[in-house]
Amino acid sequence: MRRTVFNEDHEAFRETLRAFIEAEVVPVYDEWFQAGQAPRDFYYKLGELGIFGINVPEEFGGAGLDTHKFEAVLYEETSRAGVNFGGSGVHVLLALPYIKMLATDEQKKRFLPKFVSGEEMWALAMTEPGTGSDVAGMKTTAKLSEDGTHYVLNGSKTFITGGVHADRVIVCARTSAPSEDDRRFGISLFAVDTKSEGYSIGRKLDKLGLKTSDTAELAFVDVKVPVEDLLGEEGKGFYYLGHNLASERWGIAFGAYAQAAAAVRFAQQYVTDRTVFGKPVAHFQNTKFELAACQAEVDAAQAVADRALEALDAGELTPAEAASAKLFCTEVAHRVIDRCLQLHGGYGYMNEYPIARLYADNRVNRIYGGTSEIMKSIIAKSMGL
Ligand SMILES: Cc1cc2nc3c(=O)[nH]c(=O)nc-3n(C[C@H](O)[C@H](O)[C@H](O)COP(=O)(O)OP(=O)(O)OC[C@H]3O[C@@H](n4cnc5c(N)ncnc54)[C@H](O)[C@@H]3O)c2cc1C
């Protein structure tokens with residue numbers, strides 16, 4: 001079926017990106033993999049390429065667009081090459097929507113030019129050691145000082161993507177206790193400078209996959225956060241999170257579809273090249289059926305991911321629709337990548353083959369941004385159940 005989401009600008013961007021990945025990422029990707037993170041300098045290159053500024057207004061150094069289509073191309077091209085851009089994905093996908101939605105003009109002037117150039121990398125910290133799915137259960141606190149000039153932040157966060165390199169982190173913290181009838185009340189968001197006294201980075205976590213992405217624990221001990229760095233209104237954090245999680249979940253859905261599509265491509269190539277019992281693996285009917293079934297699933301996931309993209313760009317993607325797209329595309333990717341790995345035999349288990357890395361990278365898609373179980377709860381609620 002003919003795809004209608006992308007125009008010639010997106011295709012031109014695709015060509016540029018593909019050449020950039022070939023020249024700047026593929027040759028050094030093994031080094032990043034071994035080091036457990038992409039180097040900080042790489043993010044300046046992404047800034048130079050204009051990746052961070054696509055959706056930033058021109059007055060702050062961006063291209064002034066308002067679309068997720070270029071991000072979609074990025075997902076497709078990184079997956080196609082079997083690489084990812086480290087923890088930088090959260091900079092645009094997670095952090096930017098909050099800055100655009102909540103920052104005052106003064107904050108935008110302060111934050112956005114450095115955001116666009118890659119000079120200041122951003123991350124988002126919601127999850128805590130004791131609470132992930134249950135966001136309202138967070139314990140990190142931010143108390144306004146008596147003179148009203150700053151908040152005092154105390155607590156800890158975990159699993160924070162980009163947490164090692166981040167220069168600013170959007171930290172979710174309780175500015176007041178939950179009210180009796182609303183557990184969600186009293187959470188606020190802060191753009192915390194990671195160089196602040198009392199802010200520390202704990203372990204860089206050793207993960208099953210996403211080896212080039214830096215995922216960290218963070219701790220805050222009496223960190224002074226100036227009132228100028230409160231994002232949006234005090235106490236409304238849960239509402240802001242609910243609003244922006246739809247775009248995060250679309251991103252995970254689209255990324256998962258792109259990984260599944262890449263897996264089919266890797267497997268098709270492999271079964272054509274690999275000979276067993278004197279014939280290419282592609283010769284067996286089982287191989288053809290497996291790949292055909294995978295392709296049909298990828299086609300369906302692409303249709304869902306594309307439709308969700310159009311709805312997101314039009315400002316119409318509801319939380320339940322985003323949850324549905326995430327649930328569907330990530331479950332498809334899980335099945336497809338597993339079947340494509342199987343067609344690689346033992347080589348599919350070796351990290352030097354992109355299918356092995358895809359398998360490990362993809363696993364987290366059903367967990368982060370809200371687990372599949374939480375997605376089902378959201379969808380069920382929208383059905384009145
Ligand atoms: C690699 C990675 C990167 C991440 N990056 C970030 C980041 O940048 N920023 C950030 O804030 N967080 C991040 N996270 C955290 C992620 O969003 C959480 O791990 C996720 O929301 C799940 O929370 P949890 O790990 O506490 O699991 P839990 O909430 O403890 O869940 C455990 C199990 O219980 C199930 N469960 C929970 N509640 C229910 C329910 N109501 N009904 C049925 N089942 C339920 C879950 O589905 C799961 O199977 C990241 C996580 C990983 C692994």
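Residues numbered from 1 in each chain as written. Predicted model: local features only at pLDDT ≥ 70, side-chain atom pairs only at ≥ 80, totals over all residues. Heavy atoms only, no water.

**As for the UniProt feature "domain: Acyl-CoA dehydrogenase/oxidase N-terminal" (unreviewed entry) in the protein**
In the UniProt entry, the feature "domain: Acyl-CoA dehydrogenase/oxidase N-terminal" (unreviewed entry) is given for residues 7-119. Helix makes up 66% of residues 7-119 and strand 0%, and the two end C-alpha atoms of the span are 31 Å apart. (UniProt positions renumbered as here; feature names shortened; annotations may be inferred. Helix = DSSP H or I, 4+ residues; strand = E, 2+ residues; numbered from the N terminus.)

**Some details on the site of the ligand**
Not every one of the 17 residues close to the ligand is listed here, only the nearest: T127, S133, T161, T371 and E373. F159 has a polar backbone atom sitting 2.8 Å from a nitrogen atom of the ligand. At 2.6 Å from an oxygen atom of the ligand is found a side-chain nitrogen or oxygen belonging to E373. In isolation the ligand has 970 Å² of accessible area, and contact with the protein removes 64% of it. (Near = heavy atom within 4 Å. Polar contact = N/O pair within 3.5 Å; in protein donor to acceptor, adjacent residues only side chain to side chain. Areas by Shrake-Rupley, 256 points an atom, 1.4 Å probe, with all protein chains shown as cover.)

**Quick look at the pairing of strand β4 (residues 168-174)**
Counting buried residues in β4 gives seven out of seven residues, a clear majority hidden from the surface. On β4, burial covers both faces: R168, I170, C172 and R174 on one face and V169, V171 and A173 on the other are all buried. Across four bridges, the pairing between strand β1 (residues 122-125) and β4 is parallel. Residue pairing for β4: W122 is matched across the bridge by R168. (Buried < 20%, exposed > 50% of the residue type's maximum accessible area, 1.4 Å probe, protein only. Pairing = 2+ DSSP bridges.)

**Considerations on the packing of aromatic side chains**
With the rule as written, the count across this model stands at 18 aromatic pairs. Aromatic pair F20 and F42: ring centres 6.0 Å apart, planes at 25°, arrangement stacked. Of this pair, F20 sits in helix α1 (residues 8-25) while F42 sits in helix α3 (residues 40-49), and the two are 22 residues apart along the sequence. Take F20: its relative accessible area is 11%, and that puts it in the buried class. Connected via pairs of aromatic rings, a cluster forms that spans F20, Y29, W32, F42, Y43 and F85. Positioned above the aromatic ring of F6 is the side chain of R14, whose terminal nitrogen or guanidinium carbon lies 5.3 Å from the ring centre. Stacked on the ring of Y44, the Lys or Arg R40 has its end atom at 4.6 Å from the ring centre. (Phe/Tyr/Trp six-rings, centres within 6.5 Å; stacked < 30°, edge-to-face > 60°. Lys NZ or Arg CZ within 6 Å of the ring centre and 35° of its normal.)

**Looking at empty space enclosed by the protein**
A full pass over the atoms with the stated rule returns one cavity of 30 Å³ or more. Considered as a void within the structure, the largest cavity measures approximately 40 Å³ in volume. Taken together, Y43, G87, V90, M121, W122, A123, G162, H165, A166 and D214 make up the full set of residues lining the largest cavity. Looking at the lining of the largest cavity residue by residue, the classes come out as six nonpolar, three polar and one charged. (1 Å grid on protein atoms, 1.4 Å probe; cavity = no way out; pocket = protein on both sides within 12 Å on 5 of 7 lines; lining within 4 Å. Points joined across faces, edges and corners; volume = space filled by probe spheres on them. Nonpolar A, V, L, I, M, F, W, Y, C, P; charged D, E, K, R; others polar.)

**Thoughts on the pattern of salt bridges**
A complete count under the given rule lists 24 salt bridges for this structure. Across the salt bridge formed by E233 and K236, the nearest N and O atoms sit 3.5 Å from each other. Looking at E233, the relative accessible area reads 46%, which means it is partly exposed. Three or more residues are tied together by salt bridges with common partners; here these are R3, E11, R14, R18, E76, E77 and D306. (Salt bridge = Lys/Arg side-chain N within 4 Å of Asp/Glu carboxyl O.)

**Comments concerning a nonpolar patch on the surface**
Residues Y347, Y349 and M350 make up a contiguous nonpolar surface patch of about 370 Å² in total accessible area. Take Y349: it is sitting in the loop between α9 (319-342) and α10 (354-362). (Patch = residues over 30% accessible without salt bridge, like charges linked within 9 Å, V, L, I, M, F, W, Y side chains within 5 Å.)

**Remarks on the state of the cysteines**
Overall, the coordinates contain zero disulfides when judged by the stated rule. With no disulfide of its own, C340 lies 4.2 Å from the sulfur of C294, the closest cysteine sulfur. (Disulfide = S-S within 2.5 Å.)

**A closer look at the side chain of R249**
Following the sequence through the fold, R249 ends up in helix α7 (residues 237-273). A polar contact of 2.6 Å, which involves the side chain of R249, links it to the backbone oxygen of G369. The residues contacting R249, other than those within four sequence positions of it, are A322, K326, G369, G370, M375 and I378. (Contact = heavy atoms within 4.5 Å.)

**Topic: the layout of surface pockets**
Put simply, the second largest pocket is a space of about 490 Å³. Around the second largest pocket, the lining is made up of 21 residues, and of these H68, H243, N244, S247 and L312 lie nearest the centre. Residue assignment for the lining of the second largest pocket shows that the elements contributing at least two residues are α5 (89-102), α7 and α8 (285-313). Residues of the lining of the second largest pocket, tallied by class, amount to eight nonpolar, eight polar and five charged. For the lining of the second largest pocket, the two domains that each supply at least three residues are domain 1 (1-237) and domain 2 (244-382). (Domains from an automatic or database assignment.)

**A look at α7**
With 37 residues, α7 extends 53 Å between its outermost C-alpha atoms, agreeing within 8% with the 54 Å of an ideal straight helix rising 1.5 Å per residue. Of all the bends in α7, the largest measures some 35° and sits at N244. Of all 37 residues in α7, 27 are buried; the element is thus mostly enclosed. (Expected span 1.5 Å × (residues − 1). Bend = angle between axes of the 7 residues up to and from the residue.)

**A short note on the domain arrangement of the protein**
Per the domain assignment, the segments of the protein are domain 1 (1-237) and domain 2 (244-382). At the junction of the two partners, domain 1 supplies 32 residues and domain 2 supplies 31 residues. The junction of domain 1 with domain 2 conceals about 2,500 Å² of combined surface from both sides, 60% of it contributed by carbon and sulfur atoms. Between domain 1 and domain 2 we count three salt bridges in total. Our count for the contact surface shared by domain 1 and domain 2 stands at eight residue pairs in polar contact (both at pLDDT 80 or more). Residue assignment for the side of domain 1 that touches domain 2 shows that the elements contributing at least two residues are α2 (29-35), α4 (69-81) and α5. For the side of domain 1 that touches domain 2, the leading source of residues is α4, giving eight residues. (Buried area = accessible area lost by both parts, 1.4 Å probe.)

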